[in-house]
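# Architecture at a glance
Residues per chain, in single letters:
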Amino acid sequence: MNNQALKKHVEQIKTITLTQLFQDSPNRYKELSVTTDQVYFDFSRQLVTPETIKLLIQLANEQKLKEKIANMFAGEKINKTENRSVLHVALRSGQNKEVQAVLARIEAFSKKDLIGATGKKLKNIVAIGIGGSYLGPDYLATALRPFSKRGVTLRFVANVDGTDFVEKTADLDPQETLVIVISKTFTTAETMQNANTAKAWMIKGLNNHPEAVKKHFIAVSTAREEVQSFGIDPENMFGFWDWVGGRFSATSAVGAVPLSLYLGFDNFQKILDGANWLDEHFRNEPFEKNIPVLSALIDIWNINFLGLKTRALLPYSQGLSKLPAHTQQVEMESNGKLVDSDGKPVDFQTGEVVLGEAGTNGQHSFYQLLHQGTQIIPADFIGFIKPQYELKNVPGNEISHHEELMTNFLAQPDALAFGHQDKDLAKNFPGNRPSSSLLLKELTPFTAGLLLAWTEHRAAAKGFVWNINSFDQFGVQLGKVLGKDHRRRMIEFNKTGKINTDGLTPATAKLLTDFLS
Ligand code: F6P
């Protein structure tokens, strides 16, 4: 980014280390943190000073961040390439009549006794969807397993690799299974392939019962006609709107339907409340105290000024084990862009690579590179004061499981920041590796919703400052088009036995020939 003040400032920062910064100002965490009644955000271990934050906020102001956030909330068509509003915040404001009507239908549906075609209770839910129609709900379901209705299972089938469907359904009785097909467009190849397979599985499992699809399939989509032509009664369809982007759709019917069935509607409502809490924080808090805005500005600082282009997301919580995968889509599908909002090429890095794993598992995997690798990767630590399961006073364990987990949450940021000097270079830890820490009270539906919205707004705020459109995803199209071409070749091969490699590069022709012969 071409900001002269920050470019000058970064040269100064590069001469200082975190060790020095903490020596000069041991209480810098007081200035470089935000406390709210829900979450504590400490960014004092980032390579920043109060001056850095001031300059970043100036940059945000120059880029009209406040106005852009307001425009999003006001429903302006900020997704210009698709001429759409971006209003996922309306899904949890409690103020939108259309949203509330769909939620009321979902609530009623989730409270009904669901009985299958052969009279058995439907207690297994198989949710078929991919990308935004899967990752957010899967993150929430995983986070909130302790809140689930006992005796109800929820499994997601996303991958078109048949292993996903077969393994997820192998031990399920179709008579006790409800399939939810979740697809905004209802044309996504992987989802439709899995949906057809599920339909055949159900019809066979129910001995061609005439109500196999009617009683065992429901849909979440914006495409009524496609849902109908698949054979699902529109009565059994829950809708949403084109102003909800796929990766921002977890709080629409996309998440509401499977999660209300799995967790109960009241818990889903609490997810909405938590997301709404962060929406209001994002909309109203001054940037100095605004957690998603500060998170975004620090990312921009790391990416565009310090040149640190990968970020690690390290939740010290098994429940958050799917948050990195969801964040990958939100960040990388939103902000992996080559052009700005006016369609002109950008001349700076947009987007970042996100990787992550639940702590402490990551420590025994890739943290070696975080501590001693030649590449510096800023990290976000997330921890909870109270665990979902404490497991204390176990003979042989000196402290509870949660305390053991938190020893690591406390230790790792300091190890990264301050390192450890050793004459033996193999054992030397250089330190000066930046991180932030987010501490919340407990992983509940409310805080899971809050973290979801934090992820969404952090990515959006970056896009606003970079002046790119974070809400389209044309980059996924080319692969789909080429895939369709191969699909045609495979249909032809199945009919004629002939391999058609016309127009393919020799490399791809070889792969196709090896695959088919
Ligand atoms: O291919 C990318 C994508 O369009 C995502 O943006 C979206 O979340 C996913 O596919 C699934 O789309 P749909 O809900 O229409 O099946």
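Per an unreviewed UniProt entry, the protein chain goes by the name Glucose-6-phosphate isomerase. One UniProt comment on the protein chain, placed under Function (unreviewed entry), says "Catalyzes the reversible isomerization of glucose-6-phosphate to fructose-6-phosphate." Under Sequence similarities (unreviewed entry), UniProt gives the following word-for-word description of the protein chain: "Belongs to the GPI family."

The next thing to look at is the site of the ligand. Residues in close proximity to the ligand total 14 residues, the closest being G132, S133, S183, T185 and T188. For the ligand, an oxygen atom lies 2.6 Å from a polar atom in the side chain of T185. Between the ligand and T188, the relevant distance is 2.5 Å, taken from an oxygen atom to a side-chain nitrogen or oxygen of the residue. Alone, the ligand offers 390 Å² of accessible surface; in the complex the protein occludes 87% of this. Looking at the shell around the ligand residue by residue, the class counts come to two nonpolar, nine polar and three charged.

Residue pairs spaced three or four apart in an α-helix point in one direction, given the helix's 3.6 residues per turn. Along helix α7 (residues 135-143), nine of the nine residues are buried, which leaves the element largely enclosed by surrounding structure. Listed in full, the buried residues belonging to α7 are L135, G136, P137, D138, Y139, L140, A141, T142 and A143. Elements in contact with the buried residues of α7: β4 (153-157), α12 (253-263), α13 (265-284), α15 (323-335) and α18 (445-466).

The grouping of Y389, L391 and V394 at the surface amounts to a nonpolar patch, some 290 Å² of accessible area in total. Among the structural elements, Y389 can be located in the loop between β10 (379-386) and α17 (401-418). With relative accessibility at 51%, the residue Y389 sits in the exposed group.

Here we come to the environment of T455. Among the secondary structure elements, T455 is positioned in helix α18. Placed 127 residues apart in sequence, T455 and Q328 show a C-alpha to C-alpha distance of 9.8 Å. If we skip the residues at most four places from it in the chain, T455 touches L323, H326, T327 and V330.

This brings us to the sheet that holds strand β7 (residues 237-239). Taken in spatial order, the five strands make up an open sheet running β4-β3-β5-β6-β7, and their pairing is parallel. Sheet topology places β4 and β7 at the edges, where each strand pairs with a single neighbour. The sheet shows a mean angle of 20° between the axes of neighbouring strands, direction not considered. Across three bridges, strand β6 (residues 217-221) lies against β7 in parallel orientation. Note that in β7 the partner of V220 across the bridge is F238.

A word on the UniProt feature "active site" (unreviewed entry) in the protein chain. Per the UniProt entry, the sites bearing "active site" (unreviewed entry) are E333, H364 and K480 in this numbering. Taking the farthest pair of C-alpha atoms as the criterion, the annotated set spanning 148 residues is dispersed, since that pair is 36.5 Å apart. Among the structural elements, E333 can be located in helix α15. Filtering out sequence-adjacent residues up to four positions away, E333 remains in contact with R247, Q328, D472, Q473 and V476. In this structure the side chain of E333 is engaged in a polar contact, spanning 2.9 Å, whose partner is the side chain of R247.

Right, let's get into the sheet that holds strand β1 (residues 33-35). Two pairing modes exist for strands in a sheet, parallel and antiparallel, and in both the strands are linked by backbone hydrogen bonds. Taken in spatial order, the six strands make up an open sheet running β1-β2-β11-β10-β8-β9, and their pairing is mixed. The sheet is open, and its two edges are formed by β1 and β9 (353-356), each paired on a single side. This sheet shows a mean twist of 15° between the axes of neighbouring strands, independent of strand direction. On the sheet, helix α14 (residues 291-305) packs against β1, β2 (39-42), β8 (310-315) and β11 (435-442) and is oriented at approximately 20° with respect to β2. Strands in contact with α15 are β8, β9 and β10; relative to β9, the strand with the most contacts, it is inclined by about 175°.

Another aspect to go through is unusual backbone geometry. In this structure, T360 follows G359 across a cis peptide bond, with omega equal to 5°. Within the fold, T360 resides in the loop between β9 and α16 (367-372). The residue N207 is not glycine, and still its phi comes out positive at about 50°. A positive phi angle is found at N432, which is not glycine, with a value near 60°. Overall, N432 belongs to the partly exposed group, its relative accessible area being 22%.

Parameters at a glance
- Residues numbered from 1 in each chain as written.
- Predicted model: local features only at pLDDT ≥ 70, side-chain atom pairs only at ≥ 80, totals over all residues.
- Heavy atoms only, no water.
- UniProt positions renumbered as here; feature names shortened; annotations may be inferred.
- Near = heavy atom within 4 Å.
- Polar contact = N/O pair within 3.5 Å; in protein donor to acceptor, adjacent residues only side chain to side chain.
- Areas by Shrake-Rupley, 256 points an atom, 1.4 Å probe, with all protein chains shown as cover.
- Nonpolar A, V, L, I, M, F, W, Y, C, P; charged D, E, K, R; others polar.
- Buried < 20%, exposed > 50% of the residue type's maximum accessible area, 1.4 Å probe, protein only.
- Helix = DSSP H or I, 4+ residues; strand = E, 2+ residues; numbered from the N terminus.
- Contact = heavy atoms within 4.5 Å.
- Patch = residues over 30% accessible without salt bridge, like charges linked within 9 Å, V, L, I, M, F, W, Y side chains within 5 Å.
- Salt bridge = Lys/Arg side-chain N within 4 Å of Asp/Glu carboxyl O.
- Pairing = 2+ DSSP bridges.
- Axes fitted to C-alpha atoms, helices over the stretch in contact; angles between N-to-C directions.

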